[in-house]
Amino acid sequence: MSDEWKVRAAAKKALTESCIPPKWLVPADQLPGKHVRDVTAFPRESGLLSARELEITETDLIPLARKLQTGEWRAREVTEAFCHRAAIAHQLVNCLVEVFFDVALAQAEAADEHFRTNGKPIGPLHGVPVSLKDQFRVTGVETTMGYVRWIGKKDTMDSVLVDLLRRAGAILYVKTNVPQTLMLGETRNNIFGETRNPFNRALSCGGSSGGEGALLAMRGAVVGVGTDIGGSIRIPAAFCSLYGLRPSHGRLPYALAANSMDGQETIHSVCGPLGHTPEDLGYFVKAVLAQQPWYHDPKVIEMPWRSDKMLEGIVGVKTFAVIDSDGECTPHPPVQRALREVRGALERAGHRVVPWPNYRVKEMVQLVLAIFSADGGLDLRSAVEGEEPVAGIESIIRDRQSLTLNGAWDLQKRKREFERLFMEHWNAVNRQHGVVDGLIMPVAPHAAVEPHKYLYYGYTYLANLLDYPSVVVRVGKADPQQDKRIVDFSPVNELDGRIQETYDPEMYAGAPTAVQVVGRRLQEEYTLGLAQQIRFALQGTSAAETAAQLRHSRRPSQF
């Protein structure tokens, strides 16, 4: 193998760096040293952003959108503030791959002119900067997706989601980093390198939507779009102290986005938002659905946003089943504590928490892996041809026997049967404990992860195999004083032991903790409401108080 790919990769990386305006480069003597792990406060404390820029970039999506729609804030000013903060974030955690600030500012000025001329906003996302994972095509911008062989090909049309975001009034300004192949819970590739966690730069930001997670954690974006085939929205959301929605297939448009294993539709990759509150996620989804994506992507179900369903999830006493461990991989102590805190908060708020018997977890994981490797690794192997595979993907690109067509059909039958049996399992739990509204479980065995040590994805695979919606809810931070190593740990298998051995309380200090709440298929609104219930409970608000507050306020996600 020649080194030509290294030259091409270096040139592309340099081109991206050159798109950061010189006036926004952080002086070398102000950049935090490598020993500084938590850099989330740097934008506020460095003095590089004005008070107005800080106010704008630290406003959540719904109030930001309202200020833009009323004309209180201008799109140009808002866009420039987020461009500036994104530029700073990139210099600290290496999260951006495509930077098109000039185009974004021109779009923002056009949005302001539209408001002046017509006296009304373009749409529900008027003037809102939206960041994109480097799978979504933007006309005139490259989509390399971490593959060297894709460098230099500018897209000539937008992905359907991008087109609909424009129709809703959104401003597109950056695309963010992904791991080579996308099939990794960390973010690294040979072009742009590794993206680190803003809360602890010794750890990973997660993947594959890791650039999105890191940028949002630095408040360089107010909302961003990722994709999820094995946990790729939920992992970065959990690792970066965010909220993230993995919707069921068919709720949001994926058409004309780039992908690995394109054409594999046994387990669908889906797109969804990452943001700072569950309500913001709901607002974003509602804004996209208002553009009637079912007329632009044939895979999208004609199902408009259901505000009443989200409200139904937010109010009332709920029953949650908590999965402390799936029986195959024991979570690290910080994750165990997060689960205990969520359980306690829900019980104090008046909700019911019931046990959940694990259901054929090992079989589920093996089925997902068999589906992903049905082509013998050919697709991923071909995509990395001509460059070196990055650490962590060796096993998924190795050459092995591909399945016959009948073999692939058999996997689909097994998946269909597992879906039916799991539904019956949930129904059986309902008969024993009353209707379970949502399942609460870890997102990963660890709070963030040391690079090269992400070894188990069973906690996220479940929602992908079943096509259930799942929402990540942030909980707290790892604390060496509270989260000691497990004494006399007895692993259930060899991998369980290896994963516990990776836990170092000092290394993980400050890493965000989170849980995910999983709902029934196509119940995105209700599941977002459940996430809001958990958020309120963690804040000390009871179910009765939540209902009373909502009676005196607007319904969620209105525009």
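Anything mentioned here points back to the structure above.
Visitor: For this particular structure, what's the right way to read the side chain of arginine 306?
Guide: With respect to the helices and strands, the residue arginine 306 is situated in the loop between helix 10 (278–289) and helix 11 (307–314). Leaving out residues up to four positions away in the same chain, arginine 306 has contacts with Arg251, Leu522, Gln523, Glu524 and Glu525.

Visitor: Looking at this structure, I do not really get the state of the cysteines. What am I missing?
Guide: Cysteine pairs can be linked by a disulfide, which is a covalent bond between their two sulfur atoms. According to the stated counting rule, one finds zero disulfides in the structure shown. Its sulfur unpaired, cysteine 19 is 12 Å from the next cysteine sulfur, which belongs to cysteine 83. What makes cysteine 19 partly exposed here is its relative accessible area of 32%.

Visitor: Explain the nonpolar core to me, please; I cannot follow it from the model alone.
Guide: One broad rule of soluble globular proteins: the nonpolar side chains tend to lie buried together. Residues Leu125, Val130, Leu165, Tyr173, Phe422 and Ile440 are the most contacted members of the largest nonpolar core, which totals 172 residues. Ranked by the residues each element gives to this core, the list is headed by helix 5 (residues 75–93), at eleven residues. Dropping the residues within four chain positions of it, leucine 125 is found in contact with Leu61, Gln69, Leu165, Ala168, Gly169, Ala170, Tyr283, Phe284 and Ala287. Trp5, Ala9, Val148 and Ile191 belong to the second largest nonpolar core, which has seven residues in total.

Visitor: Any chance you could explain the environment of arginine 343 here in plain terms?
Guide: When you line up the elements, arginine 343 lands in helix 12 (residues 333–348). Given a relative accessible area of 23%, arginine 343 falls into the partly exposed group. Once you skip the residues sitting within four places of it in the chain, arginine 343 turns out to touch Val322, Asp324 and Val353. One polar contact links arginine 343 to aspartate 324, side chain to side chain, over a distance of 2.8 Å.

Visitor: Quick question: what am I supposed to make of the layout of surface pockets here?
Guide: Summary: where empty space remains is shown by rolling a probe the size of a single water molecule over the atoms. Taken as a whole, the largest pocket holds about 870 Å³ of empty space. Lining the largest pocket we find 37 residues, and of these Leu369, Ile396, Leu455, Tyr457 and Tyr461 sit closest to its centre. Contributions of two or more residues to the lining of the largest pocket are made by helix 13 (361–372), helix 15 (394–397) and helix 17 (458–466). Examining the composition of the lining of the largest pocket, we find that five residues originate from one element, helix 13, more than from any other.

Visitor: Can you help me understand empty space enclosed by the protein in this one?
Guide: Under the counting rule described, the total for this entry stands at three cavities of 30 Å³ or more. Estimates place the volume of the largest cavity at around 110 Å³. Lining of the largest cavity is provided by Ile323, Asp326, Trp356, Asn358, Tyr359, Val361, Met364, Phe422, Met441, Gly458, Tyr459 and Leu462. Of all elements in the fold, only helix 13 and helix 17 reach the threshold of two or more residues within the lining of the largest cavity. Per-element tally for the lining of the largest cavity: the top contributor is helix 17, with three residues.

Visitor: Before we go on, may I ask you to explain the pattern of salt bridges in this structure?
Guide: Two side chains bearing opposite charge may form a pair once their charged atoms approach each other closely. What the rule picks out here adds up to 38 salt bridges. Across the pair arginine 196 and glutamate 194 runs a salt bridge whose closest N-O atoms are separated by 3.5 Å. A residue is classified by how much of its surface remains accessible, and arginine 196, at 27% relative accessible area, is partly exposed. A salt bridge links arginine 337 to aspartate 483, with the nearest nitrogen and oxygen atoms 2.6 Å apart. Taken together, the residues span a long stretch of sequence, with arginine 337 in helix 12 and aspartate 483 in the loop between strand 14 (470–477) and helix 18 (494–501) at a distance of 146 residues. Take arginine 337: its relative accessible area is 9%, and that puts it in the buried class.

Cut-offs and rules
- Residues numbered from 1 in each chain as written.
- Predicted model: local features only at pLDDT ≥ 70, side-chain atom pairs only at ≥ 80, totals over all residues.
- Heavy atoms only, no water.
- Helix = DSSP H or I, 4+ residues; strand = E, 2+ residues; numbered from the N terminus.
- Contact = heavy atoms within 4.5 Å.
- Disulfide = S-S within 2.5 Å.
- Buried < 20%, exposed > 50% of the residue type's maximum accessible area, 1.4 Å probe, protein only.
- Core = buried A, V, L, I, M, F, W, Y, C linked by side-chain atoms within 4.5 Å.
- Polar contact = N/O pair within 3.5 Å; in protein donor to acceptor, adjacent residues only side chain to side chain.
- 1 Å grid on protein atoms, 1.4 Å probe; cavity = no way out; pocket = protein on both sides within 12 Å on 5 of 7 lines; lining within 4 Å.
- Points joined across faces, edges and corners; volume = space filled by probe spheres on them.
- Salt bridge = Lys/Arg side-chain N within 4 Å of Asp/Glu carboxyl O.

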